[in-house]
Amino acid sequence: MDNRLIATSSPHIGAKDTTTSVMLDVIIALVPAAIASIYYFGFASAVILALAVGTAVGTEALIQRLTHQRITINDLSAVITGLLLGMNLPASAPWWLPVIGSFVAIAIGKQVFGGIGNNFINPALAGRAFLVASWPVEMTFWTNPGTQITADTVASATPLGLLKTSPDSVQPLADVILGRIPGTLGETSAILLLIGGAYLVYRKIMSWKIPVTYIGTVAIIALLANGFDFMIMAYHVFGGGLMLGALFMATDYSSSPVTSKGKIIYGIGAGLITMLIRLYSSSAEGVTYAILLMNVATPLIEKYTAPRVFGTGGAKK
Amino acid sequence: MNKTALTFRGGIHPPHHKELTEHKPIENTPVPEEVVIPLLQHIGAPCEPTVKVGDRVEVGQVIGESEGFVSAPVHASVSGTVKKIENRPCPVGRRVRSVVIATDGKQTIHQSVKPPKSVNLMDPDEIKRIVRKGGLAGMGGAAFPTHVKLSPPEDKSIDMVIINGAECEPYLTSDYRMMVEMPEKVVAGTKVVMKALGVVKAVIGIENNKPQAIKTLTEAVKDERGISVAELETKYPQGGEKSLIYAVTRREVPSGGLPMDVGIVVQNIGTVVAISQLFETGMPLVERVVTVTGSAVKEPKNLMVKIGTSFKDVIAYCGGYSEEPGKLINGGPMMGIAQYTDEVPVIKGTSGILVMNKQDAIIPEPTNCIRCGKCIDYCPCGLQPLMISKNSLLGRFEEAELYHAMDCIECGTCSFVCPSKRPLVDSIRVAKIEITKKKKKS
């Protein structure tokens, strides 16, 4: 028996969590909002999400195959990237939009840098940014929930868009919170996204720090900029892509700080940039670029927010 | 769980599996036919043999000694004849020069073993001399010579002794059984340590998953001046010296420093029990309590084992393997050392023998780090294991040092929590070795 004993170094036991189980939890957290998008926008939404997920997984497998790497699609991270990319598209998106978006997200956003854990920006947002820059019209063709999309469908405005152009005709806040508004598939139901986020915090998959500081910063700036009008603040918090962004995109492990203090700085930074764009640029929405900018600041933030090592400084001797 | 239980920042709750042996009283094991006693069972200088092949030895007789201060002599645990003195596999993971003794079964006690005079009549130096002569070394696993811990330099003033009854390693119950079965020895040994250090305060720290031990010892110390029991939260690595000291006193052992830098000396339960034995009977450290447990041993037990008894004999006494073993560990599952053979002896630091079956021994394949940050969240030292590991794997040891690699206590918490199953603590160990090597060179 002797030569069959395994002699590895300690520890000899490990927690049950695996990369796959972590990713599965994130998918579980996203499912309610994804189902809501199908409920609100119909079959078109299901097709977009399926195309986005399918392309993401397929692209990952193909690239790993071509570059002779271990195929890691079973870790489910590509599913999340695809799902998030799909949830960032309008219901009116033509079929090739999720396909190109997911391909860019995985190929350029993730695999080029070494795959899972090595991407310095959120791949789904990289894909989205690419689509917005290339097909701005298709990417912002918002429709009301329940609209059958035909050639004659006219675009509707999102709450944040209306807030900027004609604040009087903005949708009722209850509709905004529940998701009965024009917008991307995933940004519509703030409530379901919050439930998903709470699940991830409960499961200790995600820290509360990034979402809370991010959303909190947006709320505070919205209040300050609008003479403490709580209604306008509520539209800023629930109306755009903030929930999806703060809960599921800004918290991407690879591209956000690993340190505790770093997460807080990162969240505040993302909130500041989001509001800077929403208030002072021509664009109604700023979540995508806010997160991407903070993504690239992550290594710097980590450098200056290292945790205090036990037995150094500030300690009672 | 008691909310007032003392603890530290970070740490994990691995399944403790103590139910396998916690209710099993300590049993004496029969004298084996042969013992293999390594001449290095402690951290420090190895001993030179003081016996020759063919010599007759008796229980308690010195068989190896060293001139070095940081060292501890080794003694015969059996009576019999020295058969060989040669390199043999040792549970510390390498071959060590060892004295092989064929036993005669009589267990005659060597004439040098005599009860010393009352501790009350001794001065601290005399106590330390006896502790050294008794071959005592920390019995929690690291086996640092006990007399060295009892001899802090002049400039360090020690004000408290902490007795480590945390036993935070899963599976192990040897300390627990000693606390429950021989509380008077725990107290007597603690008093010897206090006297040697000239301190008037001692705290026995016990995790609150051992209510019986807390109760028994609280009862045992109720008339003792200066000794108290502290209830600790059940959390790994609560029994790590730095975590334990912080939990009990809120003092942080400085980076690169020792417990004595914050006025503390920590002793393990097994060590104080051995000290009490030594001062009561004069018998040096020749046997210890070992928890034999795990999924592939037929009858898990707590045993009193003669130092030098092979794992094979100990496991045979527990009914043998219940199925083909996959992994054999000296110590617990978090910090124990995996063995490649069961023909290694029980040594002073063997707190447990853990036998895992094939299924439990499977090592998951590591995947990319996903930067989830769990290793940072749970590290009891406030380190960033993923950063040290990344640099270590790339051979960037200077960078690893900047991330405080040397402050790692190698508790294995990071590797335990890692969902990508990365060898974090392994690579940090490599960094520590390389950094130390470089320091020695320069």
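If you're wondering where the values come from, they're calculated on a predicted model, not measured in any experiment.

Caption draft 1: Main features of the overall build of chain B. Assigned secondary structure in chain B consists of 14 helices and 17 strands. Compactness check: chain B gives a C-alpha radius of gyration of 21 Å against a globular reference of 22 Å for 442 residues, within 12% of the reference. Residues classed as buried in chain B amount to 58% of the 442 residues present.

Caption draft 2: Molecular detail of the overall build of chain A. Scanning chain A from N- to C-terminus turns up 14 helices and 0 strands. Of the regular secondary structure in chain A, the N- to C-terminal order runs α-α-α-α-α-α-α-α-α-α-α-α-α-α. What you see for chain A is a C-alpha radius of gyration of 21 Å, in line with the 20 Å of a compact globule of 317 residues. Projected onto its principal axes, the C-alpha positions of chain A cover 75 × 55 × 30 Å. Going through the 317 residues of chain A one by one, you find that 51% of them count as buried. Partitioning the contacts of chain A with sequence separation of at least 6, the portion at a separation of at least 24 is 73%.

Caption draft 3: Main features of the sheet that holds strand 5 (residues 62-65) of chain B. All names here are of chain B. Pairing is antiparallel in the open sheet, where 3 strands are placed in the order 3-5-6. Where the open sheet ends on each side, the last strands, each with one partner, are strand 3 (48-49) and strand 6 (74-75). Note that strand 3 and strand 5 share 2 bridges and pair antiparallel. Paired with proline 49 across the two strands is glycine 64, which belongs to strand 5.

Caption draft 4: Representation of the confidence of the model for chain B. With 99% of its residues at a pLDDT of 70 or more, chain B shows a mean pLDDT of 94. Two summary scores accompany this predicted model of the complex, namely pTM at 0.92 and ipTM at 0.90.

Caption draft 5: Layout of the domain arrangement of chain B. All names here are of chain B. When its domains are assigned, chain B resolves into domain 1 (18-22 + 114-281) and domain 2 (374-441). When each unit is reduced to the centre of its C-alpha atoms, the spacing between domain 1 and domain 2 is 29 Å. If you look at the interface, domain 1 gives 7 residues, while domain 2 gives 6 residues. When its residues are assigned to classes, the side of domain 1 that touches domain 2 shows 2 nonpolar, 4 polar and 1 charged.

Caption draft 6: Spotlight on the interface of chain B and chain A. Facing the 53 residues of chain B at the interface are 38 residues of chain A. The greatest single-element share of the side of chain B that touches chain A, amounting to 5 residues, is contributed by strand 15 (residues 325-330) of chain B.

Caption draft 7: Just helix 13 (residues 260-280) of chain A, in detail. Between its terminal C-alpha atoms helix 13 of chain A stretches 31 Å, which fits the 30 Å expected from 21 residues at 1.5 Å a residue. Contact partners of the buried residues in helix 13 of chain A: helix 7 (159-165), helix 10 (209-225), helix 11 (230-239), helix 12 (242-249) and helix 14 (287-304) of chain A.

Caption draft 8: Representation of the nonpolar core in the model. Ranked by internal contacts, the top residues of the largest apolar core, which has 222 residues, are Leu83(A), Ile162(B), Val186(B), Leu217(B) and Val314(B). Considering every element that reaches this core, the biggest residue donor is helix 1 (residues 19-41) of chain A, with 10 residues. Among the domains, domain 1 (18-22 + 114-281) and domain 2 (374-441) of chain B are the pair contributing at least three residues each to this core.

Caption draft 9: Geometry of helix 2 (residues 43-66) of chain A. Residue and element names in this part refer to chain A. Given a rise of 1.5 Å per residue, 24 residues ought to cover 34 Å, and the 34 Å separating the end C-alpha atoms of helix 2 matches this to within 8%. Where helix 2 is concerned, the buried positions are Ala44, Ser45, Ile48, Leu49, Leu51, Ala52, Val53, Thr55, Ala56, Val57, Thr59 and Glu60. In this fold, the buried residues of helix 2 make contact with helix 1, helix 3 (77-87) and helix 4 (96-110).

Caption draft 10: View of unusual backbone geometry. All names here are of chain A. With an omega of -5°, the peptide bond between serine 10 and proline 11 qualifies as cis. You can see proline 11 is positioned in the segment before helix 1. Not every positive phi belongs to a glycine, and histidine 68 is a case in point at roughly 55°. For histidine 68, the location among the structural elements is in the loop between helix 2 and helix 3. For phenylalanine 228, which is not glycine, the phi dihedral falls at a positive 55°. Mapped onto the elements, phenylalanine 228 comes out in the loop between helix 10 and helix 11.

Caption draft 11: The pairing of strand 13 (residues 287-293) of chain B, seen in detail. Residue and element names in this part refer to chain B. The element strand 13 is largely enclosed, with a buried count of 7 among its 7 residues. The side-chain alternation of strand 13 yields two buried faces, one formed by Glu287, Val289, Thr291 and Thr293 and the other by Arg288, Val290 and Val292. The pairing of strand 13 with strand 14 (residues 301-306) spans 6 bridges and is antiparallel. Considered in strand 14, the bridge of glutamate 287 is made with lysine 306. Sheet analysis places strand 13 next to strand 17 (residues 352-357), joined by 3 bridges and oriented parallel. Directly across from threonine 291, in strand 17, lies its bridge partner glycine 352.

Caption draft 12: Representation of the environment of Leu150(B) within the structure. Residues and elements named next belong to chain B. Among the secondary structure elements, leucine 150 is positioned in the loop between helix 2 (146-149) and strand 9 (160-165). Note: C-alpha distance between leucine 150 and lysine 210 (60 residues apart in sequence) is 28 Å. In this view, leucine 150 contacts Lys128, Val131, Val193, Ala196 and Leu197; residues no more than four positions away in its chain are not counted.

Conventions we followed
- Residues numbered from 1 in each chain as written.
- Chains lettered and ligands numbered in written order.
- Predicted model: local features only at pLDDT ≥ 70, side-chain atom pairs only at ≥ 80, totals over all residues.
- Helix = DSSP H or I, 4+ residues; strand = E, 2+ residues; numbered from the N terminus.
- Rg over C-alpha atoms; globule rule 2.2 N^0.38 Å.
- Buried ≥ 20, exposed ≤ 12 C-beta atoms within 10 Å, placed from the backbone.
- Contact = placed C-beta atoms within 7 Å.
- Pairing = 2+ DSSP bridges.
- pLDDT = per-residue confidence, 0-100.
- Domains from an automatic or database assignment.
- Nonpolar A, V, L, I, M, F, W, Y, C, P; charged D, E, K, R; others polar.
- Expected span 1.5 Å × (residues − 1).
- Core = buried A, V, L, I, M, F, W, Y, C linked by C-beta atoms within 7 Å.

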